[in-house]
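# Topology and contacts: notes
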Amino acid sequence: MPGIIGRKIGMTSLFTPDGKSVAATLIQAGPCVVTQVKTVEVDGYEAVQVGYGDKKEKLANKAETGHFKKANATPKVKVVEFRTEVEGFNLGDTINVDFFAEGEFVDVVGTSKGKGFQGVVKRYNFSGVGGQTHGQHNRARHPGSIGACSWPSRVFKGMRMAGRMGNDRVKVQNLRVLRVLADKNLILVSGSVPGAKNSFVVLEK
């Protein structure tokens, strides 16, 4: 099944009927427009391309304008393709948040917050070198040894070292749909969702 594109609004909490407080994320999802239907005969595989969020016409190039014009839609800010059976989907169809029902489980894909260049203590939860004793004074947050000497005479691939952290595509699976507010295009899912406020997320069944 295809999914729907939205924006992360923020987090809140809900109380269940038995009085438990459940952390929840509010997402503004849809309405999305079907901008392309790919078939095996033409494209070699089946997929549905969905667009979300209007873009100013002057910011869209001619290729984008022509592409969206085929679906009788304005240029979209975000376009996502879902590999699924295309039966029942036509150009220009609208997918709304009522595509989901309360109580079912969804997967949410987002881009995690970028942290910049970080060391091994923050990036991989290293403990640092030597604590505060044994005479060391200037390498508390250093990585320590990264390999042996004459063998293997190199650093193994995948060695955990300092580097860029965050800003990665992250999928969180099996989040329960707590509320669907179709009139406001809002959906509440349990737990946290990767990304900053107002960042794009994709909800998949």
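Preceding this paragraph is the structure being described.
Residues numbered from 1 in each chain as written. Predicted model: local features only at pLDDT ≥ 70, side-chain atom pairs only at ≥ 80, totals over all residues. Heavy atoms only, no water.

Moving on: the environment of His142. By the element assignment, His142 lies in the loop between α3 (120-124) and β9 (163-165). Judged by its relative accessible area of 41%, His142 falls in the partly exposed class. Each C-alpha atom of the pair His142 and Gly119 lies 7.8 Å from the other, and the pair is 23 residues apart in sequence. Ignoring anything within four residues of it in the chain, the contact list for His142 reads Val120, Gly128 and Val129. (Helix = DSSP H or I, 4+ residues; strand = E, 2+ residues; numbered from the N terminus. Buried < 20%, exposed > 50% of the residue type's maximum accessible area, 1.4 Å probe, protein only. Contact = heavy atoms within 4.5 Å.)

Note that the residue after Trp151, namely Pro152, is joined by a cis bond; omega there is 5 degrees. If you trace the backbone, Pro152 turns up in the loop between α3 and β9. Non-glycine residue Asn185 carries a positive phi angle of around 60 degrees.

The subject of this paragraph is the pattern of salt bridges. Applying the stated criterion across every chain, the model contains six salt bridges. Residue Glu64 is joined to Lys55 by a salt bridge in which the shortest nitrogen-to-oxygen separation is 3.4 Å. What makes Glu64 partly exposed here is its relative accessible area of 28%. Assessed through its relative accessible area of 22%, Lys55 is described here as partly exposed. Between Lys205 and Glu104 there is a salt bridge; the shortest N-O distance is 3.8 Å. Taken together, the residues Lys205 in the segment after β12 (200-204) and Glu104 in the loop between β6 (94-95) and β7 (105-111) connect sequence positions 101 residues apart. (Salt bridge = Lys/Arg side-chain N within 4 Å of Asp/Glu carboxyl O.)

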